[in-house]
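For reference, the chains in residue letters:
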Amino acid sequence: MAIDIEDVLTEAQLAAEIGGAARLTDLLSRQEESGDGSLPVRTRALADVLRDLSRRTPPIYENQISVPADLRDAVTYNALERLYREAMTAEGDVYAVKRKLYERRYIDEVRALRPTLAGELRGGAASFRMERG
C-alpha cells in the first residue's frame with residue numbers, strides 16, 4: 001500500500017501554511033520548472049518523513065500507517081524547508097532564515113510524531129538508543 005500524497009497534504013493546504021497560493025507560486029517559480037506545481041516537492045517530503053519513521057526504534061513503516069493525515073505537519077514543514085532552500089540566494093537572506101525555521105519545525109514534529117497504525121494503535125515517539133559501558 002502506497003500512501004497517496006493528496007491524502008496527506010494537498011497543494012492548497014501547503015499554500016495555506018505560508019499565507020496563500022500567491023506565496024506558494026512565488027516559491028515554486030524559484031524551482032526548476034516541472035509543470036506539476038508542488039507535487040514533486042510534496043512527494044519528496046513524504047518520502048523523507050517515511051524514511052525517518054522507518055529509522056526509529058522500533059521502526060514505523062508506510063504499510064503500518066492507517067491515517068495518512070497524521071503525517072501532514074511533518075510533510076508540510078519538510079516541503080517548505082525544501083522550497084526555501086531552493087529559493088535561497090545567500091546564507092542569511094530571508095529565505096535562509098525561513099528554511100532554518102521550517103527545518104527545526106520538521107525535526108521537532110517528526111520526533112514527536114505518533115501516527116495512527118493499523119488497529120488504531122499509536123506509534124511511539126522517537127526514541128534514543130543508549131548503551132552501557
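Check the entry above for the structure.
All values derive from a computational prediction rather than experimental measurement. (Residues numbered from 1 in each chain as written. Predicted model: local features only at pLDDT ≥ 70, side-chain atom pairs only at ≥ 80, totals over all residues. Heavy atoms only, no water.)

Caption draft 1: Looking closely at the packing of helix H4 (residues 39–54) against helix H5 (residues 72–87). Following both chains from N to C, one finds H4 and H5 inclined at 125°, their axes separated by 8 Å at the closest point. The pairing of H4 with H5 is recorded here as oblique in orientation. The way H4 lies across H5 gives a crossing that is right-handed. Mapping the contact onto sequence places Val41, Arg42, Arg44, Ala45, Leu46, Asp48 and Val49 in H4 and Ala74, Val75, Asn78, Ala79, Arg82 and Leu83 in H5. Looking at the contact of H4 with H5, its residues break down into eight nonpolar, one polar and four charged. (Axes fitted to C-alpha atoms, helices over the stretch in contact; angles between N-to-C directions. Helix = DSSP H or I, 4+ residues; strand = E, 2+ residues; numbered from the N terminus. Parallel < 35°, antiparallel > 145°, perpendicular 65-115°, else oblique. Left-handed = near helix turned anticlockwise from the far one by under 90°. Contact = heavy atoms within 4.5 Å. Nonpolar A, V, L, I, M, F, W, Y, C, P; charged D, E, K, R; others polar.)

Caption draft 2: Structural context of the nonpolar core. Core analysis: the biggest nonpolar cluster contains 33 residues, and Val8, Leu46, Val49, Ile65, Leu71, Val75 and Leu83 have the highest contact counts within it. Elements with a contribution of two residues or more to this core: helix H1 (5–8), helix H2 (11–17), helix H3 (21–29), H4, H5 and helix H6 (94–112). Not counting the four nearest positions on each side in its chain, leucine 71 is found in contact with Ile3, Val8, Leu46, Val49, Leu50, Leu53, Ile65, Leu113 and Pro115. (Core = buried A, V, L, I, M, F, W, Y, C linked by side-chain atoms within 4.5 Å. Buried < 20%, exposed > 50% of the residue type's maximum accessible area, 1.4 Å probe, protein only.)

Caption draft 3: Local environment of the pattern of salt bridges. With the rule as written, the count across this model stands at 10 salt bridges. Here arginine 99 makes a salt bridge to glutamate 103, at a shortest N to O gap of 3.3 Å. Here the residue arginine 99 and the residue glutamate 103 both occupy positions in helix H6, the gap between them amounting to four residues, near one helical turn. The class for arginine 99 is buried, based on a relative accessible area of 13%. The salt bridge involving arginine 104 is made with aspartate 108; its shortest N-O contact spans 2.9 Å. Note that arginine 104 and aspartate 108 are positioned in helix H6 at a spacing of four residues, about one turn of the helix. Judged by relative accessible area, which is 39%, aspartate 108 ranks as partly exposed. (Salt bridge = Lys/Arg side-chain N within 4 Å of Asp/Glu carboxyl O.)

Caption draft 4: Region of interest: H5. Taking 1.5 Å of rise per residue, 16 residues should cover 22 Å, and H5 covers 22 Å from first to last C-alpha, within 8% of that figure. In terms of residue burial, H5 counts as a mostly covered element, since 12 of its 16 residues are buried. Of the surrounding elements, those touching the buried residues of H5 are H1, H2, H3, H4 and H6. (Expected span 1.5 Å × (residues − 1).)

Caption draft 5: Region of the structure containing the packing of H5 against H6. Across the interface, H5 lies against H6 with an axial gap of 8 Å and an inter-helix angle of 155°. By the angle class used here, H5 and H6 are roughly antiparallel. For the pair H5 and H6, the crossing hand works out as left-handed. When H5 is examined against H6, the residues Asp73, Ala74, Tyr77, Asn78, Leu80, Glu81, Tyr84, Arg85 and Ala87 are found in contact with a partner set consisting of Tyr95, Lys98, Arg99, Tyr102, Glu103, Arg105, Tyr106 and Glu109. Residues of the contact of H5 with H6, tallied by class, amount to eight nonpolar, one polar and eight charged.

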